[in-house]
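Chain residues, written in single-letter form:
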Amino acid sequence: MLTRLTGGRLYDPTNDLADEVRDLWFRDGHICPAPSNPADADKTIDVRGKIVMAGAIDIHSHIAGGNVNNARLLLPEQHLAERARYAQLPFAGAKWSAFDTGYRYAEMGFTTVVEPAVLPINAAQAHAEFADIPIIDKAGLAIVGNDDFLLRLLRNGVEQQRINDYIAWLLHATRCLGVKVINAGGAAAFKFNQRQFDLDDEVPMYGVSSRKILQTVQRAVVQLGLKHPVHVHCNNLGVAGNVRTALATVEAADGLPMHLAHVQFYGYGDEGERGFSSGARALADAVNANPNITVDIGQVLFGQTVTISGDLLRQFDARGIANPKKWVAWEAEDGGGGVVPFRYRPGNYVNALQWAIGLELFLLVDDPWRVFFTTDHPNGAPFTAYPELFRLLMDRDHRNRWLSQINADAAEIALLRHLDREYDLHEIAVMTRAAPAKLLGLPDRGHLGVGAVADIAVYDEQHDKAAMFARAKLLFKDGRKVVENGRVLQSAHGRVFAVAPPFEPDIERAIGDYFDRYHLVKPTNFCLSADQLAQTFGSELVVQ
Amino acid sequence: MTIDNNTDKHAQQDTALHDLGCPFCALVCDDVSLPVRNGTLLTDKLDCPKAQAGFQLALSHINGTPLINGEASDWDSALNQALHLLDGARLPLFHGLIGDLLDCRAAWSMAARFGGVVDHQEVNTIARNLAVYQDSGWIVTSLGEVRNRADLLIWVGEPIDDELPRLRSKLLEPAERLHTDKPIDILELGPDPLTVIDHTRVLLGQRPLTEPTSAASMLMQRLGDADYPVFAIGHLRGPKAELVLRATSDLVRDINEQRRAALLPLSTGLGDIGAQLSGAWHNGFGIRTSLARGYPIQDLQHFNGQSLLDDGQADLLVWISTLSAAAPPTCEQPQIVFGHPAMHLGDRPPAVFLPVAVPGVHRPGFIHRGDGLRLVPLRGLQSNALPNTTQLVERLITQSSKSVEAC
């Protein structure tokens, strides 16, 4: 099947196309060259005047796994359903289901989403949920840094190669695309009743600092040749003055690739009468000055949400601000996590400043290839609020209207008042398409070049950018039209991406011995079999 | 009908199968070994009675004949009859769910397609826990953390060793533990845990208490000596069960203001945690949820499966039980049973009986461990002629003529 999208305005930063009117051809699931005879097209779709981009990619969104699922169970009152949105699609009336996650991302033109916190012992459930998220392709990042085996290796001072082998084995076992470090050592420290944990604090019983864990994992990622740099949730999330932690972490990266996740939650100074201020300028300057650093923002948007994190220590500490007043902390082999519901209120000084700090970071980081569009779903806001975030970035007047409504003290001191920058469509295409594909090492997507997967989003250009990005005019997934006028036409089965770096077989013997001594799990069963995932869940695993 | 259950071909050889997942209790051990002799898997060496009974029964039933009203039938006729009942039902109840994740997924898919309510046979514990959880949340730990880190385990309610035969050897008396060589100190709170817990909370808060029970004083002392006490919820019977859980959860929170402690609520039913967790990602809510209107509505009281049968609101019972051969509940409503091939059907056979593969024996699968943390892979061990629930359900859904209404 040869399809021609004719007359669209293409935004494809990877191939240096910005508002370029040209036809786009795809055969079955991939973009192909224009045939010598245009009459060869089996189907021609007129998209004259419309914006054409690759399907969008979300690099950090909590869409699957035990922590997310426990949050669903904790807060039934927050996702009560009132209607079935699509009669022909299963569970389309279930507002916070795996299924609706796929439908709602597709409606906005997203085709690939990364779950950034897969606890290895819970990885099978993450994959089970992935299999039930339709249309979009998925990938997970495996959490390391609180795992006893790794901490023992560090305590014993083993060579870096041994660490590399372990990380490679863990990726093999969990079928993930990369590695995530969450408050490295923090959950392990909390288990020994430590309530604060900074970059140079040591994990009790191991004598290993958070910095040491982080840098060792970072080097492993680099030496294994993983495309996605170590994905870091720093220490001290949400604490006033924690911009110093973020800056110290940038420095600790030591010039090697590192991705700092949801940096809005680390953009906090501790100045002023209230001891809470914007640290966005300093953090953005550090990002701008260090080309090895990439960041996603984790933008806060006002309203009710729930925070879900593998940062057991910080989530426990946040219990006092739970709204409604219920919260969960859970401990598990090699980690843990917590669920704390929260309502961001525009009239609240801290919440308003959080909102402003996120936008300041978006606008102060110069290079759209190194700053990524996230709300840390659902921690800053649910991903369904993305249209509002597009508008805030692209429409200064809209921001200024908000500034006149939020807490006046926060608005008064916000740098945001002085920032005129507006993202244009090219920069949006970089930030949500081209750059994420590059950062994740997925060369077949994020662009419209020949050979790319035919994940294509078409939008009606509108002055109201929220309306524009809320509903894709058309979305093609692997060349199949799955969305029209913001409505899902048909479901599809997405893939799951993983990496499989090689490791020395000897590490398996050591891990096997360790598991036999301390685990309730056999290593053969800890490792997820691609065949079994396919036979049972129908997972289509693609190893990069 | 072609049946391919991806069973393990090793069973053909005279070796042994190792590291098998066992789905027959909520511990879901994955270290089971079955010797093979003359092509037959031997279960008599298993030291766990539940594993032995479960594997033995399934391994000795590798064929099944579908039945219509107790009479042998062929698969096409039986499925057509099931489809007729499903298409005609006003409110089908998908119940039992004594199976693995794939059985649960099949149930959720049927509920979405045919519009009905989903419940689990062993739901009372889960529903009780969920009620407490949804009110206040909690601080919980996992089986592995207890094994390695707990230094004091307090049974709230009767210990559940009978439900989980290897709990003691695997969890409470391991040969080695992380960070400590000390064995876990085990304490039982006796027949009135609520008073002990309440008094302990008062003592912990240094509030006045005229006559603390000696049990509460003793618990306080033991808690003071422990670095990581864990309150394991055992059998809680009677009307105060939810109160006891609530009070224990509150005590754990109080302790954590200064020190560490955790709760360990355990499922004991086959597949109940999996039904609950898979329900959450399918419909957002979990069990006791209706999809009759095309969108999910959860009601832990109203959608009690047995009540829906008793008061006649449900007009069809679809019973799924692949891990247990116990008969489905008797009821006036017609029944479709996706059942263990050795199922005892009793005096009143169901309208349609569909014998299906047992996960972990006849087909591969996954099942949640009792703490809900880990999905354990199950292997298919033996060639057989049994279809799996998913295959049958996919066919029913594909062939259904029931209209799907847009809202």
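Only a predicted model underlies this, so the values are computations on that prediction, with no experimental measurement involved.

Another point: the confidence of the model for chain B. Of the residues in chain B, 95% reach a pLDDT of 70 or more, and the chain-wide mean stands at 93. The ipTM, which scores confidence in the relative placement of chains, is 0.96 for this predicted complex, and the corresponding pTM is 0.97.

This part takes up the sheet that holds strand S17 (residues 352-355) of chain B. Residues and elements named next belong to chain B. Spatial strand order, S5-S4-S17-S16-S15-S6-S7-S13-S14: 9 strands in an open sheet with mixed pairing. Two strands bound the open sheet, and with one partner strand each, they are strand S5 (71-72) and strand S14 (297-298). With 5 bridges connecting them, strand S6 (residues 92-98) and strand S15 (residues 316-321) associate as parallel partners. Of the residues in S15, the one forming a bridge with isoleucine 98 is serine 321. Helix H2 (residues 75-88) rests against strand S4 (67-68), S6, S15, strand S16 (335-339) and S17 of the sheet, and its axis sits at about 125° to S17.

Before going further, it helps to examine the side chain of aspartate 132 of chain A. Residue placement: aspartate 132 of chain A occurs in the loop between helix H3 (123-131) and strand S8 (137-144). Sequence-distant contacts of aspartate 132 of chain A, that is, excluding residues within four places in its chain, are made with Ala98 and Phe99 of chain A together with Arg105, Trp281 and His282 of chain B.

Residues and elements named next belong to chain B. Per the domain assignment, the segments making up chain B are domain 1 (65-122 + 270-360 + 369-375 + 384-399) and domain 2 (126-265). Summarising the inter-unit geometry, the C-alpha centres of domain 1 and domain 2 are found 35 Å apart. Across the boundary between the two partners, domain 1 contributes 12 residues, which contact 9 residues of domain 2. When domain 1 packs against domain 2, the two sides together hide about 770 Å² of surface, and 68% of this comes from carbon and sulfur. Viewed at the interface, domain 2 and domain 1 are joined by 1 residue pair in polar contact (both at pLDDT 80 or more).

Looking now at the interface of chain A and chain B. A common way to state how big an interface is: give the accessible area lost once the parts meet. Listed per partner, the contact involves 67 residues of chain A and 70 residues of chain B. With both chains or domains summed, chain A and chain B bury close to 5700 Å², and 56% of this area falls on carbon and sulfur atoms. Along the contact surface separating chain A from chain B lie 7 salt bridges. Top element by residues in the side of chain A that touches chain B is helix H1 (residues 66-74) of chain A. It accounts for 6 residues. Its residues assigned to classes, the side of chain A that touches chain B comprises 35 nonpolar, 15 polar and 17 charged.

Conventions and cut-offs
- Residues numbered from 1 in each chain as written.
- Chains lettered and ligands numbered in written order.
- Predicted model: local features only at pLDDT ≥ 70, side-chain atom pairs only at ≥ 80, totals over all residues.
- Heavy atoms only, no water.
- pLDDT = per-residue confidence, 0-100.
- Pairing = 2+ DSSP bridges.
- Helix = DSSP H or I, 4+ residues; strand = E, 2+ residues; numbered from the N terminus.
- Contact = heavy atoms within 4.5 Å.
- Axes fitted to C-alpha atoms, helices over the stretch in contact; angles between N-to-C directions.
- Domains from an automatic or database assignment.
- Buried area = accessible area lost by both parts, 1.4 Å probe.
- Polar contact = N/O pair within 3.5 Å; in protein donor to acceptor, adjacent residues only side chain to side chain.
- Salt bridge = Lys/Arg side-chain N within 4 Å of Asp/Glu carboxyl O.
- Nonpolar A, V, L, I, M, F, W, Y, C, P; charged D, E, K, R; others polar.

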